Amino acid sequence: MSVVLVCNSGSSSFKYQLIDVARSETLASGIVERIGAGVGHAQHRHEGPENTSHGSNWDGAFEVPDHFAAFEVMLEGFAAHGPSLEEFPPVAIGHRVVQGGARFFEPTVITELVKINIDELSSLAPLHNPANLAGIEAAQRAFPDVPHVAVFDTAFHQTMPPAAYSYAIDREVAAKHRIRRYGFHGTSHRFVSRATAEFLGRPLEELRTIVLHLGNGASACAVSGGRSVETSMGMTPLEGLVMGTRSGDLDPAVLLHLQRRAGYSVAELDELLNQRSGVLGLGGHADMRDLVAAADGGDQAAALALEVYAHRVRSYVGAYAAQLGRVDAIVFTAGVGENAAPVREWCLAGLEGFGVIVDPDRNRAAERGARRISGDDSRVEVLVVPTNEELEIARQTAEVVGGAHG
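So, here is what we can say about the structure in this document. (Residues numbered from 1 in each chain as written. Predicted model: local features only at pLDDT ≥ 70, side-chain atom pairs only at ≥ 80, totals over all residues. Heavy atoms only, no water.)

## Some remarks on the packing of helix 10 (residues 288-296) against helix 11 (residues 300-324)
For step 1, the next point in the chain: For the pair helix 10 and helix 11, the least separation of the axes is 8 Å and the interaxial angle reads 120°. It follows from the interaxial angle that helix 10 and helix 11 lie oblique. Considering how the two elements wind past one another, helix 10 and helix 11 form a crossing that is left-handed. Seen from helix 10, the contacting residues are Met288, Leu291, Val292, Ala294 and Ala295; seen from helix 11, they are Ala302, Ala303, Ala305, Leu306 and Tyr309.
For step 2, the next point in the chain: Taken together, the residues of the contact of helix 10 with helix 11 break down into 10 nonpolar, no polar and no charged. (Axes fitted to C-alpha atoms, helices over the stretch in contact; angles between N-to-C directions. Helix = DSSP H or I, 4+ residues; strand = E, 2+ residues; numbered from the N terminus. Parallel < 35°, antiparallel > 145°, perpendicular 65-115°, else oblique. Left-handed = near helix turned anticlockwise from the far one by under 90°. Contact = heavy atoms within 4.5 Å. Nonpolar A, V, L, I, M, F, W, Y, C, P; charged D, E, K, R; others polar.)

Right, here's the structure in full:
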């Protein structure tokens, strides 16, 4: 048996998937929302074809005061609607943890010391690590007899050289306060770079790839031989590309200016940059589908937001090509990257002189799954490769505990 339960615990929600790693198959998935907000909402989906006796979807409303209650709701979903956890017992529980700092380089079996470290790193991810830790505690109570493994978003980027992760500030200040670039979306970048090698039928060790994870949060990663050598997100997920509601790169003096001249507090600056910036701040829409529709309808602010978004992506593609020395493939993934054909085209427009040619018909075809969208005369492969962070977490968890690996 190679079944792993993957848990992704947020501050007010809890997502899960039960995955057969050997077959790369999701057996069940679900979400519990509005944790700590009175009545919560739960969805449970039994994915397999054998679920006809239970029904494939289940929705319910429950009192969910904390993550312990959320796990009880999940267990009720499995018991009532399948699959049976007695028939498909998980060999381990894999947990997504956002910030591993410079301490965690790989998936790690969770011990009391590991939990202490995750808690201490909460200052670097105050919205994520405490929620991740709450989920771990609840899962250990629900599944006390199986190993629990932390898979860190930052771990894949621990191969970056010092020149890539160091900020040019006083080194003693940086060391004291753990200020450096950590990078995020590492689980996705790892999965996609490996899936790219499989799709191309080439050894991972010889490929130099730029992965563009474009969702509501967005990041670019330069991958050489399967190792991250540069990524756009920094100490926090705010740095880098323009995102749905986050600004991405910004002159830090802008914050000083707003504080001095407009009296913005730290909390107000945080809210501005994380919640009211990005394409939402520029174009009035955080969802890329709405933004494209508005631009197509003549909305000039939306059109400018798309231009800024694509301009920033092109800038990173050029910078990472210089860092890699050559580029074998540029790969789009995540919600926007996988589904927004016009955005993919705009992001690589004007790079024909560098051997990057997108075929319009292939790009706009209604295919799903891994696919090539570059022209036959393109020197650089341009691909769309769907990400699967949950499967990657399950695989890494199974490897750590010695389970089967599909």
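## Details of the sheet that holds strand 4 (residues 39-46)
For step 1, the next point in the chain: On the basis of which strands lie adjacent, the open sheet formed by 8 strands has the order 5-4-3-2-1-6-8-7 and mixed pairing. A strand with exactly one partner marks an edge of an open sheet, and here the two such strands are strand 5 (57-63) and strand 7 (108-109).
For step 2, the next point in the chain: The pairing of strand 7 with strand 8 (residues 148-152) spans 2 bridges and is classified as antiparallel. Residue pairing in the sheet places Thr108 in a bridge with Ala150 of strand 8.
For step 3, the next point in the chain: Set on the sheet, helix 3 (residues 129-142) makes contact with strand 1 (3-9), strand 6 (92-97) and strand 8; between it and strand 6 the angle comes to about 170°. (Pairing = 2+ DSSP bridges.)

## Regarding the state of the cysteines
For step 1, the next point in the chain: Counted under the stated rule, the structure contains 0 disulfides.
For step 2, the next point in the chain: The thiol of Cys221 is unpaired, and the distance to the nearest cysteine sulfur, on Cys347, comes to 17 Å.
For step 3, the next point in the chain: Looking at Cys347, the relative accessible area reads 0%, which means it is buried. (Disulfide = S-S within 2.5 Å. Buried < 20%, exposed > 50% of the residue type's maximum accessible area, 1.4 Å probe, protein only.)

## Looking at the packing of helix 6 (residues 186-200) against helix 15 (residues 389-401)
For step 1, the next point in the chain: Following both chains from N to C, one finds helix 6 and helix 15 inclined at 85°, their axes separated by 9 Å at the closest point. As summarised for this structure, helix 6 and helix 15 are arranged roughly perpendicular, according to the angle between their axes. The segment helix 6 lies against helix 15, with Thr187, Ser188, Arg190 and Phe191 engaging Glu389, Leu391, Glu392, Ile393, Arg395 and Gln396.
For step 2, the next point in the chain: Here the residues of the contact of helix 6 with helix 15 sort into 3 nonpolar, 3 polar and 4 charged.

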